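# Inside the fold
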Amino acid sequence: MNADTTGGRLGTADREEAWQRLGKETFDLVVIGGGVVGAGTALDAATRGLRVALIEARDLASGTSSRSSKLFHGGLRYLEQLEFGLVREALRERELLLTRLAPHLVKPVSFLYPLTRRVWERPYTAAGLFLYDSMGGARSVPGQKHLSRAGALRMAPALKRNALIGGIRYYDAQADDARHTMTVARTAAHYGAVVRTSTQVVGFTREADRVSGVRIHDVEDGRSLEVQANAVINCTGVWTDELQRLSGSRGRFRVRASKGVHIVVPRDRIVSETGLILRTEKSVLFVIPWRNHWIVGTTDTDWNLDLAHPAATKHDIDYLLEHVNSVLATPLTHDDIEGVYAGLRPLLAGESEETSKLSREHAVARVSPGLVAIAGGKYTTYRVMAADAVDAASPDLPGRLQPSITDKVPLLGADGYHALVNQVDQLGARHGLHPYRVRHLLDRYGSLVHEVLELADGRPELLKPLTAAPDYLCVEVVYAASHEGALHLEDTLARRTRISIEYPHRGVDCAEQVAGLMGEVLGWTQETVAREIEVYKARVEAERDSQTQPDDQAADASRAAAPEARPELKEPEPAS
């Protein structure tokens with residue numbers, strides 16, 4: 001394992017070096033998929049001393065891992081399904097992330113559970129939350145607090161008086177999922193993993209009866225080569241079955257895609273100092289604080305159409321509005337919605353036909369010599385899934401496999417974060433930034449904030465906010481392209497920042513400014529800048545249109561009309 005001297009940087013020079021290494025070296029493991037499980041698997045393998053490559057066809061977290069509810073939670077509702085092991089495991093992971101692994105990215109968040117039934121509901125819910133707290137939930141966040149109706153309404157004045165008879169407040173944790181996944185991948189690169197996005201696996205290589213590597217294709221410039229590996233791990237989530245077919249091996253489990261839709265509304269539209277968790281007929285609905293906004297979600301329906309671009313329908317949005325409005329004194333309307341996003345959960349196909357009841361536990365299998373697949377699970381337990389995936393590959397690896405140590409490996413930006421929080425005023429004074437702005441940067445970059453601000457040395461204009469998205473500084477866009485692997489406008493507007501869901505213009509009004517800043521770093525011509533803006537605007541238009549459609553088929557057809565930012569993406573070759 002070579003510890004990386006670039007601090008996990010994913011810039012254009014690093015990208016070219018990664019391509020050269022992929023063609024020349026033999027790896028212990030090739031990990032396919034740049035979501036949180038793939039990034040976590042690469043980090044787990046690299047910190048065990050293995051030579052590892054992480055390959056992603058699009059962008060880091062471009063699938064499910066940027067479209068979650070943004071919560072690290074124990075899964076309170078899994079207690080009702082008596083999945084105590086799953087809850088305990090998730091709470092331990094939440095604790096680790098809050099305290100040791102990523103305190104800069106993962107923060108406590110409070111929720112109010114409104115009680116609506118007299119006599120039995122309070123003791124029943126309290127018992128569940130007591131179990132939640134005693135399993136480890138209350139170690140790093142406050143325990144549950146019981147409230148009368150008046151107390152609950154003081155905490156959440158937005159609620160109708162008749163919507164509750166009392167309430168219980170409890171805590172979970174939240175993070176920007178896309179930023180967290182990207183940081184996990186960069187941490188893997190820091191510990192020697194070769195990380196390369198816009199790199200599609202189009203086939204597998206074999207020696208006798210075992211998988212011996214992959215054929216890859218650069219979807220930016222069309223180059224191809226073969227990568228040699230002792231083992232390959234399929235961490236592609238909802239694409240698991242597709243990769244399985246490509247390998248020519250019979251899968252041990254199937255994955256079903258369940259669509260979850262969220263809407264984003266301004267903070268002032270729901271007057272509350274806490275998030276809300278509401279019961280629905282099928283599952284639960286969250287109202288989650290998110291900076292100056294609320295995220296309301298989620299739905300849970302089968303999806304059998306385009307896996308890369310799941311589309312929200314008018315029906316999905318109406319469902320969310322109807323359920324949240326059932327408890328709000330001032331109802332939300334379509335005009336209040338700033339952003340909408342749809343993601344796919346990779347659920348293990350079970351016996352039950354209802355997706356909300358499919359297991360959130362994960363499955364891992366060595367499907368053939370040299371090939372491991374992992375799927376299912378939930379975002380919170382990505383680290384456990386990663387360790388299981390690497391363990392499953394051990395029969396194909398030379399020598400003795402060291403145990404997983406990622407519970408002791410802080411992500412980039414975690415070390416020194418707490419000290420910097422105490423030095424916010426000095427940092428702000430040094431760079432001419434308001435302390436509020438420095439805190440915002442620390443919660444996105446942690447101690448990497450120095451690296452970000454260094455890019456503005458001699459260029460004070462980079463410390464100005466983006467004109468149409470003032471929550472973000474120009475230097476953050478430059479850093480996204482120079483260090484965080486952003487190759488397209490969409491990567492920066494949808495994932496390195498969350499402009500695409502946080503502003504009513506969805507990134508269109510700052511597309512030109514952001515493309516100009518990225519283009520300086522990535523060497524874009526005027527034609528490339530124009531194409532990036534055009535493709536991004538077409539994406540937003542297609543998404544807006546899909547959100548007015550009545551059903552999945554119509555929404556999918558609308559979304560599919562937008563061009564791909566990565567022009568050379570291929571249909572995978574069938575297995576020979």
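Preceding block: the structure.
The notes below deal with the structure included here. (Residues numbered from 1 in each chain as written. Predicted model: local features only at pLDDT ≥ 70, side-chain atom pairs only at ≥ 80, totals over all residues. Heavy atoms only, no water.)

### Thoughts on the overall build of the protein chain
Secondary structure assignment for the protein chain yields 20 helices and 20 strands. A compact globule built from 576 residues should have a C-alpha radius of gyration of about 25 Å, and the protein chain, at 23 Å, falls within 12% of that. Summarising its shape, the C-alpha atoms of the protein chain cover approximately 70 × 55 × 50 Å along the three principal directions. Per-residue burial for the protein chain yields a buried fraction of 63% across its 576 residues. Within the structure as shown, the protein chain displays about 22100 Å² of accessible surface, and the carbon and sulfur contribution to it stands at 51%. Both charge centroids of the protein chain, one from 69 positive and one from 76 negative side chains, sit 6 Å from each other. (Helix = DSSP H or I, 4+ residues; strand = E, 2+ residues; numbered from the N terminus. Rg over C-alpha atoms; globule rule 2.2 N^0.38 Å. Buried < 20%, exposed > 50% of the residue type's maximum accessible area, 1.4 Å probe, protein only. Areas by Shrake-Rupley, 256 points an atom, 1.4 Å probe, with all protein chains shown as cover. Lys, Arg positive; Asp, Glu negative; His and termini not counted. Charge placed at Lys NZ, Arg CZ, Asp CG, Glu CD.)

### Section: the pattern of salt bridges
Throughout the structure, instances matching the rule amount to 43 salt bridges. Put simply, arginine 459 and glutamate 520 hold a salt bridge, and the shortest N to O gap is 3.1 Å. Residue arginine 459 is located in the loop between helix H14 (449–454) and strand E19 (465–466), and its partner glutamate 520 is located in helix H18 (residues 511–522); the two are separated by 61 residues in the primary sequence. The partly exposed category is assigned to arginine 459, whose relative accessible area is 29%. A salt bridge links glutamate 543 to arginine 539, with the shortest nitrogen-to-oxygen separation between them at 3.7 Å. Highlighted residues: glutamate 543 and arginine 539, both in helix H19 (residues 526–546), separated by four residues, approximately one helical turn. Each member of the pair, glutamate 543 as well as arginine 539, is classed as buried. Shared partners join several salt bridges into a network, and the residues in it are Asp59, Glu220, Glu490, Asp491, Arg495, Arg496, Arg539, Glu543, Arg559 and Arg566. (Salt bridge = Lys/Arg side-chain N within 4 Å of Asp/Glu carboxyl O.)

### Quick word on the nonpolar core
Judged by nonpolar contacts, the single largest core of 47 residues is most densely connected at Leu29, Val52, Leu54, Val106 and Val195. Once residues lying within four places of it in the same chain are set aside, the contact partners of leucine 29 are Ala45, Leu50, Arg51, Val52, Ala53, Ala231, Ile233, Val390, Ala393 and Leu397. With 45 residues, the next largest nonpolar core counts Leu463, Val475, Leu489 and Met518 among its residues. (Core = buried A, V, L, I, M, F, W, Y, C linked by side-chain atoms within 4.5 Å. Contact = heavy atoms within 4.5 Å.)

### Some thoughts on the packing of aromatic side chains
Evaluation of the coordinates by the stated rule reveals five aromatic pairs. Grouped by ring-pair contacts, the aromatic residues Phe72, Tyr379 and Tyr382 constitute a single cluster. Positioned over the ring face of tryptophan 294 is arginine 267, at 4.5 Å from the centre of the ring. (Phe/Tyr/Trp six-rings, centres within 6.5 Å; stacked < 30°, edge-to-face > 60°. Lys NZ or Arg CZ within 6 Å of the ring centre and 35° of its normal.)

### A word on the packing of helix H16 (residues 489–496) against H18
Packed helices, taken two at a time, are described by the angle between their axes plus the distance between the axes. Close contact between H16 and H18 brings their axes to 9 Å; oriented N to C, the two are set at 115°. Our classification of the angle between H16 and H18 gives roughly perpendicular. Regarding H16 and H18, the two cross each other, and that crossing is right-handed. Taking contact as the criterion, the partners of Leu489, Thr492 and Leu493 in H16 are, on H18, Ala511, Val514, Ala515 and Met518. Here the contact of H16 with H18 is composed, by residue class, of six nonpolar, one polar and no charged. (Axes fitted to C-alpha atoms, helices over the stretch in contact; angles between N-to-C directions. Parallel < 35°, antiparallel > 145°, perpendicular 65-115°, else oblique. Left-handed = near helix turned anticlockwise from the far one by under 90°. Nonpolar A, V, L, I, M, F, W, Y, C, P; charged D, E, K, R; others polar.)

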